[in-house]
Amino acid sequence: MSSLTGPLPRDGLLCVEASAGTGKTHQLSTLAVRWLVESEDVRVADLLIVTYTVAAAAELRGRVRERLAQVRDRIAPDAAPSDDAYLEGLAGAPDAAGIRERAVRALAEFDTATIRTIHAFAAGALGETRGVVGPSQDRRRQAVTDVLSVAAFDAASRLWDLADVTEESLGDIVGLGLDHPDLTLAPLDGADAPEGALSFRDVARRTIETVAQRQRRDGVLTYSDLLTELDDALRDDDAPLLHALRRRFRVGLIDEFQDTDAIQWRIFSRLFLDAPGGTLVVVGDPKQAIYGFRGADVDTYLAARDAAATTGVRRGLGVLDLETNYRSDGVLLDALNGLFDGTHFDEDNRIEYVRVHASPRAARRRLSTPEDGTLVPLSIRVPTWKGKMHELRAAIAEDCAEEAARALGGSVVGEDGAARALGESDIAVLCATRYQFPLLKEAFLRRGIRTTEAKSDDVLESPAALHVEVALRAMCDPSDTGAVAALAQSLFGTEASGVE
C-alpha cells in the first residue's frame, strides 16, 4: 500500500510508516478530514487522535481544523483552483456539495474533537480527579535511598557488592520497572543465577513496591499509573468503561506509535480491534523505536505492524510507507539511498531502510561551488590519526572550518530554480559536547568566518534561575529580612524593574 488517497481505511488496523520529512502531520490531518467529509456516518466526536506530547497534540488539532477549512473554502462557489491534488479531487467529486456541507458541520462541531496525549486520554477516560498526576522522581529517589540504607545492614546484601551499586544505577532499574509494569526483572525465579543477582533483583522489586505503596498512601497517580489503571479497567469483556469508550470512538489515529509500549498497544487493541466496527491507524517510524526513546518497545511496534500486514489477523488493512520526503534536497536523498539501501537496523532484519525520493520542488535544490560544480551532498570522514584526543579534536575542527570556507562563495539553488549566494548563516556544525565549541570557533575565525553558539544548558544553572529562587524565598517567608533585601537587589526588585 503506498497512498493515503486510496480507499478509506475501515474496520481494521492500518500501519503507516513515516520517516523524517515525509509529511506525517499533513497526512494525519488529511486522513482525519477524509473520515469527516467523505463518509456520512463519522462525526468529529467519533474520532480519537492521540500523540505523545502536548505540543504535538495542539499542532495536530490546529492542522485538522485548518484542513477542514481548506475543504470548505475550496468547494465554495467561485473558489479559485489550488495546487493541492486532494482538494482538487474533492472539488471535482460528484458529491462536492455534500462534502462541503460535512466540512462545515465538522468545523461547527470541532470543540467535541478528542485530540490528546495518551496520558490525557487515559485521565479523561478514567475520570481521575484524585491526587496529582506528575513525575515521581523525588519519591523514587527517596525510596532508593531508604531501601539501600536498610540493605547495607541486611545479611542478604553481602551476596552482592554494595560498592558497585549506586543510587543512580538502582534508580534507573526502579524507574524502568515503574514505567513498565509488565516488565519482569531478571533473573527469573528458578533460574541458574548467582545468589547475589537474585538478592539484588529482590532489592529492586522491594524498591518498586515501596514507591507504589507511598504513592497509594498519598493518593498520587503517575502517568504510568494512569495507563495501568485504564488497562485494568478494560480487561473484562463486560466492563462498563470498555463499552462506553467503544460507543464513543469509532476511529483511532495513534501518532508516534514507535514510542508505545505493550500496555498502550493493549489499550488501543482492546478499544478498536477486539470487537467488529472499529478502525485503528497507527503511525510511526521503527528506526526511532530501536533506541528505546521515551520508553519505546520495538517488539510491540513490530507486532502491531505484523498484525496490520496480515489480513484476517485482527483485520489487518496493510502497511503504508510514506516514500516522499518534502524536507531534504534530492541529491542528499540519493546519497542516503545509496548508502543505506538494503540495510537493516536490528539483529533480526525486521527494520529495513526504506528508500525515499524528494518532492518535485526539493529535487531541484542543490549547492554549487564557485567553480559551478555540485557540492558532495554526503561525506563520511573517519579519522585514522592516533594522536592525543585534544589534538584529534583540533584537527577535526580545522577540517570542518576548511570545508565551510570551501563552500562559501558557492550558490544555493532553491525550489524555484533560482540561485543565491551561500552565506555564513547557511552553515551549521552540530557537536556532541560544548567543549568542542572553542576549537571550532577558533578554526572558523582564522578563516574569517563569523560564528554563533547555541547550547542546551540546564536552565536551573542560569543566572535567571538564581533571581527566581530569591523571589520565591522572599514570598515564602516575608519575615525573612535577608531574603527580602536580596529580592530588592534582584531582577524583581523595585529599582531594577521600575515598579513603584
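Here's what I pulled together on the structure shown here. Just so it is clear, the structure is predicted and the values come from calculations on it, not from any experiment.

So, the overall build of the protein
Logical step 1: If you tally the helices and strands in the protein, you get 20 helices and 11 strands.
Logical step 2: Among the 500 residues that make up the protein, the fraction classed as buried is 39%.
Logical step 3: Of the roughly 27,800 Å² of accessible surface on the protein, a fraction of 54% belongs to carbon and sulfur atoms.

Concerning the layout of surface pockets
Logical step 1: Considered as a void within the structure, the largest pocket measures approximately 1,300 Å³ in volume.
Logical step 2: Taken together, 39 residues make up the lining of the largest pocket; nearest its centre are V376, P377, S379, E403 and A428.
Logical step 3: Within the residue set of the lining of the largest pocket, elements represented by two or more residues are α14 (330-340), β9 (366-368), α16 (389-407) and α17 (437-446).
Logical step 4: No other element matches the 11 residues that α16 contributes to the lining of the largest pocket.

Details of the pairing of strand β1 (residues 12-18)
Logical step 1: Counted residue by residue, β1 has seven buried out of seven residues, so it is predominantly covered.
Logical step 2: What you see with β1 is no split at all: G12, L14, V16 and A18 on one side and L13, C15 and E17 on the other are buried throughout.
Logical step 3: Bridge count between β1 and strand β5 (residues 279-284): six bridges; the pairing is parallel. If you follow V16 over to β5, its bridge partner there is V283.
Logical step 4: With six bridges joining them, β1 and strand β6 (residues 316-322) adopt parallel strand pairing. When the sheet's bridge partners are listed, V16 is paired in β6 with L320.

Focus on the packing of helix α6 (residues 137-151) against helix α8 (residues 195-218)
Helix packing geometry: the angle between the two helix axes and the distance between the axes.
Logical step 1: Where α6 meets α8, the axes come as close as 9 Å, and the angle between the chain directions of the two elements is 130 degrees. Judged by the angle between their axes, α6 and α8 are oblique. In terms of crossing hand, the pair formed by α6 and α8 is right-handed. Here R139, R140, Q142, A143, V144, D146 and V147 of α6 come into contact with α8, specifically with V203, R206, T207, T210, V211, R214, Q215 and D218.
Logical step 2: When the residues that make up the contact of α6 with α8 are grouped by side-chain class, the tally is five nonpolar, four polar and six charged.

Things to note about the sheet that holds strand β2 (residues 47-51)
Logical step 1: In space, the six strands of this open sheet follow the order β3-β2-β4-β5-β1-β6, with parallel pairing throughout. The outermost strands of the open sheet, each flanked by one partner alone, are β3 (114-117) and β6. Ignoring strand direction, the axes of neighbouring strands in this sheet form an average angle of 15 degrees.
Logical step 2: Sheet topology note: the strand β4 (residues 251-254)/β5 ladder contains four bridges and is parallel. Looking at the pairing, V251 lines up with T279 of β5.
Logical step 3: Packing against the sheet, helix α2 (residues 54-74) makes contact with β2 and β3, and its axis sits at approximately 160 degrees to β3.
Logical step 4: In the packing of helix α13 (residues 298-309) onto the sheet, contacts are made with β1, β5 and β6, and the angle to β1 comes to roughly 120 degrees.

What about the environment of R67?
Logical step 1: Here R67 lies in helix α2.
Logical step 2: Separated by 33 residues in the primary sequence, R67 and R34 place their C-alpha atoms 9.9 Å from one another.

Remarks on the pattern of salt bridges
Logical step 1: For the structure on display, the rule yields 38 salt bridges.
Logical step 2: The residue K24 makes a salt bridge to E256 at a minimum N-O spacing of 2.8 Å. With a gap of 232 residues between them, K24 in helix α1 (residues 24-38) and E256 in the loop between β4 and α11 (262-272) connect regions that are remote in the sequence. Comparing K24 with E256 shows no difference in burial state: the two are buried.
Logical step 3: Residues R266 and D231 are paired through a salt bridge, measuring 2.7 Å at the closest nitrogen-oxygen approach.

About the criteria used
- Residues numbered from 1 in each chain as written.
- Predicted model: local features only at pLDDT ≥ 70, side-chain atom pairs only at ≥ 80, totals over all residues.
- Heavy atoms only, no water.
- Helix = DSSP H or I, 4+ residues; strand = E, 2+ residues; numbered from the N terminus.
- Buried < 20%, exposed > 50% of the residue type's maximum accessible area, 1.4 Å probe, protein only.
- Areas by Shrake-Rupley, 256 points an atom, 1.4 Å probe, with all protein chains shown as cover.
- 1 Å grid on protein atoms, 1.4 Å probe; cavity = no way out; pocket = protein on both sides within 12 Å on 5 of 7 lines; lining within 4 Å.
- Points joined across faces, edges and corners; volume = space filled by probe spheres on them.
- Pairing = 2+ DSSP bridges.
- Axes fitted to C-alpha atoms, helices over the stretch in contact; angles between N-to-C directions.
- Parallel < 35°, antiparallel > 145°, perpendicular 65-115°, else oblique.
- Left-handed = near helix turned anticlockwise from the far one by under 90°.
- Contact = heavy atoms within 4.5 Å.
- Nonpolar A, V, L, I, M, F, W, Y, C, P; charged D, E, K, R; others polar.
- Salt bridge = Lys/Arg side-chain N within 4 Å of Asp/Glu carboxyl O.

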